[in-house]
Amino acid sequence: MDSILNYIGTTEYVEVEYSKTESFATILHINDIKISEKYGNDYISAYCYESFDIITLKINRIRRIQQQWTKIENESMLVPRRGLYVFTCLGDNHLVYEVYMMEKGELLWKYFSGEFTHMNGWMEVQPIAFHYVGPFQ
């Protein structure tokens, strides 16, 4: 099983199934994961998109982890491996999603700059995160 500790210090957005009891679990989407300064090594703190706040989770109560998105830190980030990518982007006044087949080593911003610059409403579309779907031929 994947460990939440593998995501500390990364730019990944992950989905976790978290359970305070045996019979009830909650699905949370988090990033900016750190060891809890307040509670120590058995806990993490992370930004939670359901509560729009920093939350604290006990590590042994995390039942499942699945990487969802990787934050695009800057325009010079490169595609890590060949395949199909879904981008979440800033649009005019909402998020938009775009899908591209990308080659390893290309700029993640390839379809958002230069001749590929495009608009959504009154704003240029800007990628903020990507999800790797998988390899396609």
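What you are looking at is a predicted structure, and each value in this text was computed from that prediction instead of being measured.

Draft legend 1. Region of the structure containing the environment of Pro-135. Checked against the element boundaries, Pro-135 lands in the segment after β10 (126-134). When residues no more than four places from it in sequence are discounted, the contact partners of Pro-135 are Arg-82 and Gly-83.

Draft legend 2. Quick peek at the sheet that holds strand β6 (residues 83-90). Strand order across the open sheet formed by eight strands is β4-β3-β2-β1-β5-β10-β6-β7, with antiparallel pairing between neighbours. One side of each edge strand has no neighbouring strand; the edge strands of this open sheet are β4 (53-58) and β7 (95-102). Strand-to-strand twist of the sheet, defined as the mean angle between neighbouring strand axes without regard to direction, takes the value 40 degrees. Examined bridge by bridge, β6 and β7 share eight bridges and lie antiparallel to one another. Its bridge partner being in β7, Gly-83 is matched across the sheet by Met-102.

Draft legend 3. Structural view of a nonpolar patch on the surface. A contiguous nonpolar surface patch, about 290 Å² in accessible area, is contributed by Leu-90, Leu-95 and Tyr-97. Mapped onto the elements of the fold, Leu-90 is located in strand β6. Relative accessible area serves as the criterion here: at 32%, Leu-90 is assigned to the partly exposed category.

Draft legend 4. Quick look at the pairing of β4. As paired strands, strand β3 (residues 40-48) and β4 are joined by six bridges and run antiparallel to one another. Looking at β4, one finds that Ile-44 is bridged to Leu-57.

Draft legend 5. The pairing of β6, seen in detail. Most of β6 sits inside the fold, with six of its eight residues counted as buried. Taken together, the seven bridges between β6 and β10 define a ladder with antiparallel strand orientation. Residue pairing for β10: Tyr-85 is matched across the bridge by Tyr-132.

Reading the values: rules and limits
Residues numbered from 1 in each chain as written. Predicted model: local features only at pLDDT ≥ 70, side-chain atom pairs only at ≥ 80, totals over all residues. Heavy atoms only, no water. Helix = DSSP H or I, 4+ residues; strand = E, 2+ residues; numbered from the N terminus. Contact = heavy atoms within 4.5 Å. Pairing = 2+ DSSP bridges. Axes fitted to C-alpha atoms, helices over the stretch in contact; angles between N-to-C directions. Patch = residues over 30% accessible without salt bridge, like charges linked within 9 Å, V, L, I, M, F, W, Y side chains within 5 Å. Areas by Shrake-Rupley, 256 points an atom, 1.4 Å probe, with all protein chains shown as cover. Salt bridge = Lys/Arg side-chain N within 4 Å of Asp/Glu carboxyl O. Buried < 20%, exposed > 50% of the residue type's maximum accessible area, 1.4 Å probe, protein only.

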